[in-house]
Amino acid sequence: MSYNHRQIEANWQKYWADNQTFKAENISTKPKYYVLDMFPYPSGAGLHVGHPLGYIASDIYARYKRHKGFNVLHPQGYDSFGLPAEQYAIQTGQHPAKTTHENIKTYRRQLDQIGFSFDWSREVRTSSPDYYKWTQWIFIQLFESYYCNDVQKAKSIVDLIDIFVNKGNVDVHVSSDENIDIFSAGEWNNFSEKEQQVILAKYRLTYLSETEVNWCPQLGTVLANDEIVNGVSERGGYPVVRKKMKQWSMRITAYAQRLLDGLNTIDWPQPLKDSQTNWIGRSEGAMVEFKVLSPALSKGKGVRDAGYLTGNPEIAHLLLEKAREMRSNPTQAEAFLWKQLKSKKLGIKIRQQHLIEEFIVDFVCLSKKLIIEVDGAIHDSQVEKDTERTKLLENKGYKVIRFQNEEVIGNIDKVVSEIENELKNRKEFKVLPSGKPALPSGRDLGWEIEVFTTRPDTIFGVSFMTLAPEHELVSQIVTNEQKDAVKNYIEATAKRSERDRMADVKTISGVFTGAYALHPFSGKQIPIWIGDYVLAGYGTGAVMAVPCGDQRDYDFAKHFNIEIPNIFQDIDISEQACEDKSAIIANSDFISGMTAKKAIKRIIFELEQKGIGEGKINYRIRDAVFSRQRYWGEPFPVYYKNGMPQMIDVEHLPIKLPEVEKYLPTEDGKPPLGNATNWAWDMDKAEVVSNQLIDNETIFPLELNTMPGWAGSSWYFNRYMDAGNTDEFASKEALNYWQDVDLYIGGSEHATGHLLYSRFWQKFLFDKGLVPVDEYAKKLINQGMITGRSAFVNRLIINVTDKVELGKTINLKTLYQIRFENNVYISSDILTIPLKRRRIRKLIEFLVKKDEKEYLNEDQYSLNYNNIEPVRVPTSIVNTSDEIDIEEFKKWQIEFKDAISIPEEEAFKVSREVEKMSKSKYNVVNPDDICEKYGADTLRLYEMFLGPLEQAKPWNMAGISGVSSFLKKLWKLYFNNEDLIVVDEKGTKEELKTLHKTIKKVDEDIANFSFNTSVSSFMIAVNELTAQKCHKREILEPLAVLISPYAPHIAEELWNKLGHNESISTAEYPIFNPDFLIESTKTYPISFNGKMRFTMDLSLNLSKEEIESAVLDHEKTKSQLNGQTPKKVIVVPGKIVNIVG
RNA sequence: GCUCGGAUGGUGGAAUUGGUAGACACGUUGGACUUAAAAUCCAAUGGACAGUAAUGUCCGUGCGGGUUCAAGUCCCGCUCCGAGUACCA
């Protein structure tokens, strides 16, 4: 019988399925081995040839390990929540569950036909409630935990509450939000339940926070940064606004250091580790506080500003805000009275809630220095204080009159006339006009700007500070003179999207605030600028600028003509900043003469002594936003009581996705779950009920967001260990048996997404004692992407210009351009040959004239055929020699029906371009077709043969015939037409050598994941055995096992026909015996001055000297030397002989 | 800009600690078989030059240097390509 891949492959795939050949047991005497693939998102397009690359590699490895006697876990599943299914649902109204289910069916069929040895009994789907029940469960565990920095692990929030109850939060070292108020145990115990929950949220590992997102009102959705182009949505071009939304976040920052440290313990590709390291972005440095000064005046002493600014400037900033707040929340009496006083109703300007020195008074008429206070009940107890206050104000020349609330409300006329009286009786005071410097010079205003720097050693080089435009202090420190400039700048910056701002790094922009800071060591006054090169989101949003030591500061200083003091010894900074840490520091007081390393230590010490700074490690990584405004994702097990999130008890999980009418956001901007009518939690019944029943007593609204794509993929590898468990996410026994993934294969595009988040979750689960290891994948390999080779035909753009003849315009455009423009195509090999261009011209002219000869002569028109436009065509109608099937091309789309090709008869070549495989590029190659035509074994071998696993490579069908014929040759070693020709003879020495060198090579290749070279080795072996006419069982039986991981179907068939009744999958792997490779002679390359001239077979038993004399005796050596004596002879036994002349 | 990869025939790619550059395959050319095609098999195939030929010489792993008896491999300096990242203080 001849090799019939269709029949063989179908048979064995059925056999494997029927016999559950690859089912892994959780109890085994064999050692365990866990081989994992990144599970696919089941898209509607199905698999293309790029997808299986990694699966084939891992499958080879898994099968190899089975031969080697391991209990192998090799599972597969689907990351089946995601955007495409939802978008499809929006367009068609089809439920995403339905399309997902259908897509999974296609995927399964495609995967099965490639012959993977997956244990399908452990399949997981992230969108299945049985699975996401445990995703929700893990979410709850995160919510109930906080991160303790003392022991560097997550602990139960109950422990933290315990600490608060007994000690408050004064002395806790935990990861939390910044700016948490300190409270004592007593204060904690007095907080209301709600206040306590608000505080706890700042410590939980998952928490709700106001996060700024890119909101697109027209699309009704939040967009990722890369979905925005030039400030408008990429899709549709709608405006995008920054909007704060309450979203769940994951406190991954707590794990920043451990995520870094863990990288040292795992065997992952260096580039991937690098990108995680970068992403986490640890930098060591210091926090430094700079005190803000008032504006320094150029001359003289400070002058009081405009008369209405009567507040004490040192505390004005504190009071102003309070005053503003009081103005907007007046008491009833205040509001009542203000109605009568405002807008000069009494004929004179009266101000409300105004600053007078360190007080805020209710009302004041500055020009009469009359203060009107309206007191409520609480002031009764403050009589003493009020008297004192009145006294102080009266000393400043003010008169204070007081009314009770009741008086104002009960008898407003009387109050107003009393005020009028007072005003009449007081003399006029002059109020100075505004515009003069507001504050006294050089005084500490009580603000501090905190900066983070990695180079505290350059602190003496600080010549200005820069705040991000969004920095909260900007509005407070800016001087009147600079107010407009600053305001304009902030507005201009806000208009630019974050992306634009980041993309444009060349334009230097900024503006002076007018304010100054105090240098903590030199005491110098440092101007404070704002500039958008400082990012609000990193560090403190403020930098101490050291132009001599940082290029960006340098550029900024140059641009705005700010001083650039040099603090480096013997270094020229006239052209650029010096960022070299080995430079000796100068002009820097007590650190002069030191290098960075030493100086940094010293400065940090000094900062800490002075209490104005400290050594600090800063991380770039941000907490991860965990909410999505989508339908097709895991619902949160959360309902809201009085606005506070509550976890649903774990025994009621899963909370299943509700049905909705529409998958779009609601009209009022709520996420798609806002469309659900049954989406409320009934505490008593412990079930999801109709929204109409919400009473906020026992029935509450449920969370409307869903979880992001990475939720389900962050722990699936643990689920495979015990996929069917309904009581736990995986049993202790299973987790302890399988421990971790021994080999993980997948794409590098997940470096800072899935592969980081999953490590974070694993560490959390480890802290909670739920999993036995804190890194889940010992070894990871990134398979390279298989790209497509898009095909293009070259469309000639022919411009026909009208000519006027005898006053009559011949409308040639209508005649010819429409007809020929866009429809003449030229073979790409002609394009590159200048000579042929003339031919094209003739051809075009011919085409134009052919039909319309009678109307045309040459000077009636002009032709321009120089423009060529590439037109995508499907790769399926192009052969491996880049020739397109013209007939198929004409049939492909209606617009090409009348296409004219140049040349018309000969082969027509397309241009090729390597691109990502995608439906829209018509370059997708489907594995189904290859399996049908060549078979799965050929596909598997060919994908491996294409090149190194980790390297990106374009898909090219050209080489597949070589692999296909290899399998046929292999078959022929065992069969001659119908007959098995394997004989039970002993192999010859040569045959055994062929076998054993192949065993050795393939063993090494698999260890190095060098699958492409082992395919070569198989080819060599089969070529040699064919030449040796070897049909011996002693050779061919081990060979079948050797090939079985790569081409399992044919191996099974051969094994079976050799008389075995069991599957080959656990057959013992042949053992390499070095005895068969021992050689008595070696073919030595004899080289002269390093150039190989000839070879010589010499016994390996010869000594160096014997080799040397044998070589020198050789006549070719003599002719090479031409009678001269060699200077030196290098002999490396077993390797080479080199004669130096 | 920074970080990390990479550059080898017409093509995909091989090449142990530095030790015969181009394995294996595709393609191309020639041949066999065939009425023919397909399939299969055989031979040649880095370039240049010399020779009837066997064969020989020279040049060849992006470029320029270096180390070495010997460099695709190690070192220094560049060029180009790809990927990631984007003002991280």
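This structure is a prediction, so every number in the text was calculated from the model and none was measured.

**Points about the environment of Val213**
Logical step 1: Within the secondary structure, Val213 sits in strand E5 (residues 206-216).
Logical step 2: A C-alpha to C-alpha distance of 30 Å links Val213 and Ala545, two positions 332 residues apart in sequence.

**A word on the sheet that holds strand E39 (residues 1081-1088)**
Logical step 1: Strand order in the open sheet made by the four strands is E40-E39-E42-E41, with mixed pairing throughout. Of all strands in the sheet, those with a lone pairing partner are strand E40 (1091-1099) and strand E41 (1128-1132), marking the two edges. Shown here is a sheet whose adjacent strand axes are inclined to one another by a mean of 20°, direction ignored.
Logical step 2: Note that E39 and E40 share eight bridges and pair antiparallel. What sits directly across from Pro1085, in E40, is Thr1095.

**Remarks on the protein's contact with RNA strand B**
Logical step 1: Close contacts around RNA strand B come from 50 residues, with Thr453, Thr454, Tyr538, Gln951 and Lys1135 the closest.
Logical step 2: When atoms of RNA strand B within 4 Å of the protein are split into backbone and base, the sugar-phosphate part holds 63%.
Logical step 3: Between RNA strand B and Ala958, the relevant distance is 3.1 Å, taken from a sugar or linking oxygen to a main-chain nitrogen or oxygen of the residue.
Logical step 4: Ser1016 places a side-chain nitrogen or oxygen 3.5 Å from a base nitrogen of RNA strand B.
Logical step 5: With six residues, the top contributor of residues to the surface near RNA strand B is helix H33 (residues 1011-1027).
Logical step 6: Across the surface near RNA strand B, the residue classes tally to 20 nonpolar, 17 polar and 13 charged.

**Section: the side chain of Lys273**
Logical step 1: Mapped onto the elements, Lys273 comes out in helix H10 (residues 270-280).
Logical step 2: Buried charge without a partner: Lys273 forms no salt bridge, and the closest opposite charge is Asp267, 6.0 Å away.
Logical step 3: When sequence neighbours within four positions are dropped, the list of residues in contact with Lys273 reads Leu263, Ile266 and Trp268.

**A closer look at helix H13 (residues 383-395)**
Logical step 1: Helix length check: H13, at 13 residues, gives a terminal C-alpha distance of 18 Å against a target of 18 Å (1.5 Å per residue), a fit within 8%.
Logical step 2: When H13 is considered as a whole, its buried residues turn out to be Asp386, Arg389, Thr390 and Leu393. Down the axis, H13 shows its buried residues gathered within 105° of arc, on one side only. Opposite the buried face of H13, by more than 90 degrees, sit the exposed residues Glu384, Glu388, Lys391 and Asn395.
Logical step 3: Of the surrounding elements, those touching the buried residues of H13 are strand E11 (351-356), strand E12 (359-365), strand E13 (370-375) and strand E14 (399-404).

**A short note on the sheet that holds strand E2 (residues 71-73)**
Logical step 1: Taken together, the four strands give an open sheet; going across it, the order is E2-E1-E27-E28, and neighbouring strands pair in parallel fashion. Sheet topology places E2 and strand E28 (780-782) at the edges, where each strand pairs with a single neighbour. For this sheet, the mean angle separating the axes of adjacent strands, direction not counted, is 15°.
Logical step 2: One ladder, built from three bridges, connects strand E27 (residues 743-746) with E28; its direction is parallel. When the sheet's bridge partners are listed, Tyr744 is paired in E28 with Leu780.
Logical step 3: Contacts from helix H2 (residues 52-67) reach strand E1 (32-37), E2 and E27, with the element oriented near 170° to E1.

**Some points on the nonpolar core**
Logical step 1: Counting residues in hydrophobic clusters, the biggest one holds 89 residues, and the most contacted among them are Phe139, Trp248, Phe626, Tyr716, Tyr744 and Trp761.
Logical step 2: Counting 83 residues, the second largest nonpolar core, distinct from the first, contains Trp120, Leu743, Tyr934 and Ile1043.

**Side note on the packing of helix H1 (residues 5-19) against helix H35 (residues 1048-1057)**
Logical step 1: Look at H1 against H35: their axes get within 9 Å of each other, and the N-to-C directions meet at 85°. On the basis of their axis angle, the class for H1 and H35 is roughly perpendicular. Residues Ile8, Glu9, Trp12, Gln13 and Trp16 of H1 form the contact with H35, whose participating residues are Pro1048, His1049, Ile1050, Glu1052, Glu1053 and Asn1056.
Logical step 2: Each residue belonging to the contact of H1 with H35 can be placed in one class, and the counts come to five nonpolar, three polar and three charged.

**A word on the pattern of salt bridges**
Logical step 1: Scanning the entire structure with this criterion turns up 38 salt bridges.
Logical step 2: For the salt bridge of Lys997 with Glu1024, the shortest nitrogen-to-oxygen distance reads 2.8 Å. Here Glu1024 lies in helix H33 and Lys997 lies in helix H32 (residues 989-1007), a separation of 27 residues in the sequence.
Logical step 3: Note on Glu1024: relative accessible area 23%, which makes it partly exposed.
Logical step 4: As a salt-bridge pair, Asp1005 and Lys1001 come within 3.0 Å of each other at their nearest N and O atoms.

**Here we look at the packing of helix H12 (residues 332-341) against helix H15 (residues 412-425)**
Logical step 1: The geometry of H12 relative to H15 is characterised by a closest axis approach of 11 Å and an angle of 55° between their N-to-C directions. Judged by the angle between their axes, H12 and H15 are oblique. Between H12 and H15 the crossing geometry is right-handed. Along its contact with H12, which presents Phe336, Leu337, Gln340 and Leu341, the element H15 presents Ile412, Val415, Val416 and Ile419.

**Description of the pairing of E39**
Logical step 1: In this antiparallel pair of consecutive strands, E39 and E40, the connection spans two residues, and Asn1089 shows a positive phi of 55°.
Logical step 2: Sheet analysis places E39 next to strand E42 (residues 1136-1140), joined by three bridges and oriented parallel. Its bridge partner being in E42, Phe1088 is matched across the sheet by Ile1139.

**Considerations on the confidence of the model for chain A**
Logical step 1: On average, residues of chain A carry a pLDDT of 83, and 85% of them reach 70 or more.
Logical step 2: Counted against residues more than four places away or in other chains, residues 296-307, with its pLDDT under 50, gives 27 contacts.
Logical step 3: Here residues 432-443 scores under 50 on pLDDT; set against residues more than four positions off or in separate chains, the count is 39 contacts.
Logical step 4: Two summary scores accompany this predicted model of the complex, namely pTM at 0.81 and ipTM at 0.93.

**Comments concerning a negative patch on the surface**
Logical step 1: A cluster of like negative charges, contributed by Glu178, Glu450, Glu608 and Glu614, occupies part of the molecular surface.
Logical step 2: As for its position among the elements, Glu450 is in strand E15 (residues 444-453).
Logical step 3: Taking the relative accessible area as the measure of exposure, Glu450 reaches 34% and is therefore partly exposed.

**A closer look at a nonpolar patch on the surface**
Logical step 1: Taken together, the side chains of Ile1130, Val1132 and Ile1136 make up a nonpolar region of the molecular surface, amounting to roughly 190 Å² of accessible area.
Logical step 2: Summarising the element assignment, Ile1136 is placed in strand E42.

**Some points on the pairing of strand E18 (residues 525-531)**
Logical step 1: Of all seven residues in E18, six are buried; the element is thus mostly enclosed.
Logical step 2: Where strand E16 (residues 464-467) meets E18, three bridges bridge the pair, whose relative direction is parallel. Each residue of the ladder has a partner; that of Thr466, found in E18, is Trp529.
Logical step 3: Sheet analysis places strand E17 (residues 510-518) next to E18, joined by six bridges and oriented antiparallel. From the neighbouring strand, Gly510 faces E18, where its bridge partner is Gly531.
Logical step 4: Hairpin geometry of E17 and E18 is characterised by an intervening segment of six residues between the two adjacent antiparallel strands and by a positive phi of about 75° at Gly523.

Rules behind the numbers
- Counting restarts for each chain: residues are numbered from 1 in the order of the written sequence.
- Starting at A for chains and at 1 for ligands, labels are handed out in the order in which the entities are written.
- Restriction of local features to residues with pLDDT of at least 70 applies here, the model being predicted, together with a cutoff of 80 or more for giving and counting side-chain atom pairs; totals for whole chains, interfaces and linings are based on all residues.
- Working from all heavy atoms in the structure, the side-chain values ignore hydrogens and water.
- Helical segments are the DSSP runs of H or I of at least four residues, strand segments are the runs of E of at least two, and each set is numbered from the N terminus.
- Pairs of strands are assigned from DSSP output, requiring at least two bridges between the strands.
- All axes here are fitted lines through C-alpha atoms, helices being fitted over the stretch that makes contact, and every angle between N-to-C directions spans 0 to 180 degrees.
- Whether a residue is near a molecule or strand depends on its heavy atoms: if one lies within 4 Å, it is near.
- Identification of polar contacts relies on pairs of N or O atoms within 3.5 Å, with a donor-acceptor requirement for protein atoms, meaning one able to donate a hydrogen and the other able to accept it, and with residues adjacent in sequence counted only if both atoms are side-chain atoms.
- Charged means Asp, Glu, Lys or Arg here, nonpolar means Ala, Val, Leu, Ile, Met, Phe, Trp, Tyr, Cys or Pro, and polar covers whatever is left, Gly included.
- Relative accessible area decides the class of each residue, using a 1.4 Å probe on protein chains only: under 20% of the type maximum gives buried, over 50% gives exposed, and in between gives partly exposed.
- By the counting rule applied here, Lys and Arg register as positive and Asp and Glu as negative, while His and the ends of each chain are not counted.
- Only one rule defines a salt bridge in this text: a Lys or Arg side-chain nitrogen within 4 Å of an Asp or Glu carboxyl oxygen.
- Contacts between residues were defined by any pair of non-hydrogen atoms, one from each residue, lying within 4.5 Å.
- The span one expects for a helix is its residue count, reduced by one, times 1.5 Å.
- In this description, the arc belongs to the directions extending from the helix axis to the C-beta atoms.
- Among the buried residues, those of types Ala, Val, Leu, Ile, Met, Phe, Trp, Tyr and Cys that are joined through side-chain atoms within 4.5 Å form a nonpolar core.
- Just so you know how the angles are binned, under 35 degrees is roughly parallel, over 145 roughly antiparallel, 65 to 115 roughly perpendicular, and the rest oblique.
- Left-handed describes a crossing whose near helix is turned anticlockwise from the far helix through less than a right angle; right-handed describes the clockwise counterpart.
- Per-residue confidence from the predictor is given as pLDDT, running between 0 and 100.
- What goes into a patch is any residue over 30% in relative accessible area without a salt bridge, connected to like charges within 9 Å or, for nonpolar side chains (Val, Leu, Ile, Met, Phe, Trp, Tyr), within 5 Å.
- Values of accessible area rely on a 1.4 Å probe in the Shrake-Rupley scheme; residue burial ignores everything except the protein chains shown.
- By convention, the charge on Lys lies at NZ, on Arg at CZ, on Asp at CG and on Glu at CD.

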